[in-house]
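One-letter residues, chain by chain:
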Amino acid sequence: MSGTSFDGVDAAIIKTDGEHYIKRIETSFIKYSNREKDLYQNSILKNYKKITRLIDNKHKLVIEKIIKKFDKKVDIIGLHGQTFFHYPNSRWTWQYINSKMIMQYFKTNIVSDFRVADINKGGEGAPLVPIFHKNLILQKNFDLPVGVLNIGGVSNITIIKSKNDFLGFDTGPGNGPLDLLIYDRLKIAMDKNGSIANKGHINNKIKNKTLDLFRKKFQTISFDRNSLDKVCLTYMTSLDIKDALATLIAIITEIIYIKVKEYNLKNIIITGGGRKNHVLVKSLQSKFAAKILVAEEIDLDGDSLEAEAFAYLAVRSILGKPITFKNTTGINKSSSGGVLFNYKG
């Protein structure tokens, strides 16, 4: 799994029946270097050949690394790939990975292109992970309703109301605008732990202008990261880096709160890279009445959870079980998805 943040490629090995049994076995990660991130952020299309070779190679390396740790053959590999573009209004999405090459290299069946079937049937192709979140959280015996808030480049949430009642949607911006701003200004990958934002002050005028712009621009249940980043950074040029980061965190928090408050959640579990930004977590804690926990507090791996999800979805795919639902992607009827690359030896 390589998310919209392009920080690296996560891999996970799980054992699952594609339903309620989910056991994490191994995890691994290989990061992209600053030079590689530069290449990606400069222009995907201009650097297409270099970027696609890089993505394929990183995926190959991280799969080799985790299989070596596991020391056994896996049954199937689920590949999400790298999202280049996601335009739900135009009904198209593009996650790049050379599945055929990975299949031939590892001599293993592959499932990828998880979003295409949903898009073709009228859904938005995202989010895909709610069915995984639901069955994972139901193992934990929480008081419901519970939210699983994944803060990656884009933020998305799964709301688990009961054993059979759940929904999911993108809330809006996550780490994306924070990472892009700090990279543009300071040429560093992230504001580690939110330490720079912690020294800043929120500019409420710019916060409110940005929230107004967000409301005008976005009416979908899933988002393209590039579009979100552009809107979030529109008015930030007048602020110094500390105040800009603090103001962005306030904007991200407010958007999440507006989207989620109606569900009266008792617990919110934060996963993804955003859980490491202490200022963002504190901001969410101050806004919500729900108990806010990071993944590790309930024995989940907040870094590998999305990779685990696509391993789980790969199994559901080969079993013909649905992975997208009306209450997640907006599709009219629950649908399986994914494309099987069948290794024939």
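Read on for a plain summary of the structure. Residue positions within a chain follow its written sequence, with the count starting from 1. Confidence filtering applies because this is a predicted model: local features only for residues at pLDDT of at least 70, side-chain atom pairs given and counted only at 80 or more, and all residues used for totals across whole chains, interfaces and linings. Remark: hydrogens and water are excluded; side-chain values derive from all non-hydrogen atoms of the structure.

1. Things to note about helix α11 (residues 305-318)
End to end, α11 covers 20 Å across 14 residues, agreeing with the expected 20 Å (1.5 Å per residue, within 8%). Classification of residues uses two cut-offs on accessible area relative to the type maximum, computed with a 1.4 Å probe and protein chains only: under 20% is buried, over 50% is exposed, and between them is partly exposed. Here a strand is any run of E in DSSP of at least two residues, a helix any run of H or I of at least four, and the numbering for each starts at the N terminus. Among the 14 residues that make up α11, 13 are buried, leaving the element largely enclosed by the rest of the structure. Gly320, located one to two residues past α11, shows a positive phi value of around 75 degrees. Any helix carries an expected span of 1.5 Å times its number of residues minus one.

2. Observations concerning the pairing of strand β11 (residues 291-294)
In summary, the side chains of a regular strand alternate between the two faces of the sheet. The criterion for strand pairing is that DSSP finds at least two bridges linking the strands in question. Pairing between strand β10 (residues 267-271) and β11: four bridges, direction parallel. Looking across to β11, one finds that Ile270 is bridged to Val294. Crossover handedness for the path β10 to helix α10 (residues 278-287) to β11: right-handed. The handedness of a crossover follows from its direction of travel: if, with the strands pointing away from the viewer, the path from the first strand over the helix to the second runs clockwise, the crossover is right-handed.

3. Digging into the packing of helix α7 (residues 204-217) against helix α8 (residues 225-232)
The angle between two axes is taken between their N-to-C directions and runs from 0 to 180 degrees, where each axis is a line fitted to C-alpha atoms and a helix contributes only its stretch in contact. Viewed as axis vectors pointing N to C, α7 and α8 meet at an angle of 145 degrees, and their least axial separation amounts to 9 Å. Remark: the crossing between α7 and α8 carries right-handed chirality. For the pair α7 and α8, contact is made by Thr210, Leu213, Phe214 and Lys217 and by Leu228, Val231 and Cys232, respectively. Three classes are used: nonpolar for Ala, Val, Leu, Ile, Met, Phe, Trp, Tyr, Cys and Pro, charged for Asp, Glu, Lys and Arg, and polar for all others, with Gly counted as polar. Residue classes in the contact of α7 with α8 are distributed as five nonpolar, one polar and one charged. Crossings are sorted by hand: turned counterclockwise from the far helix by less than a right angle, the near helix makes the crossing left-handed, and turned clockwise it makes it right-handed. Whether two residues are in contact is decided by their heavy atoms, any of which lying within 4.5 Å being enough.

4. Some points on helix α2 (residues 48-70)
The terminal C-alpha atoms of α2 lie 33 Å apart, and with 23 residues this matches the ideal 33 Å at 1.5 Å per residue to within 8%. Considered for burial, the residues of α2 that qualify are Ile51, Thr52, Leu54, Ile55, Asp56, Lys58, His59, Val62, Ile63, Ile66 and Phe70. Trailing α2 by a residue or two, Asp71 shows a phi angle of about 65 degrees, which is positive.

5. Focus on a positive patch on the surface
Taken together, the side chains of Arg35, Lys49, Lys50 and Arg53 present a region of like positive charge at the surface. By secondary structure assignment, the location of Lys50 is in helix α2. Residues with no salt bridge and a relative accessible area higher than 30% make up the patches, which join like charges within 9 Å and nonpolar side chains (Val, Leu, Ile, Met, Phe, Trp, Tyr) within 5 Å. The protein chains shown are the only cover counted for residues, whose accessible areas, like all others here, come from Shrake-Rupley with a 1.4 Å probe. By convention in these notes, a salt bridge is any Lys or Arg side-chain nitrogen within 4 Å of a carboxyl oxygen on Asp or Glu. Positive: Lys, Arg. Negative: Asp, Glu. His and the chain ends are not part of the count. A charged residue contributes its charge at one atom only: NZ of Lys, CZ of Arg, CG of Asp or CD of Glu.

6. Quick look at the pattern of salt bridges
If the charged atoms of two oppositely charged side chains come close together, the side chains can form a pair. By the definition in use, this model includes ten salt bridges. A salt bridge links Glu36 to Lys58; its shortest N-O distance comes to 3.3 Å. Taken as a pair, Glu36 in helix α1 (residues 34-42) and Lys58 in helix α2 lie far apart in primary sequence, 22 residues in all. This pair shows no difference in class: Glu36 is buried, exactly as Lys58 is. The salt bridge partner of Asp229 is Arg225, with a shortest N-O separation of 2.8 Å. Residue Asp229 and its partner Arg225 are located together in helix α8, separated by four residues, close to a single helical turn.

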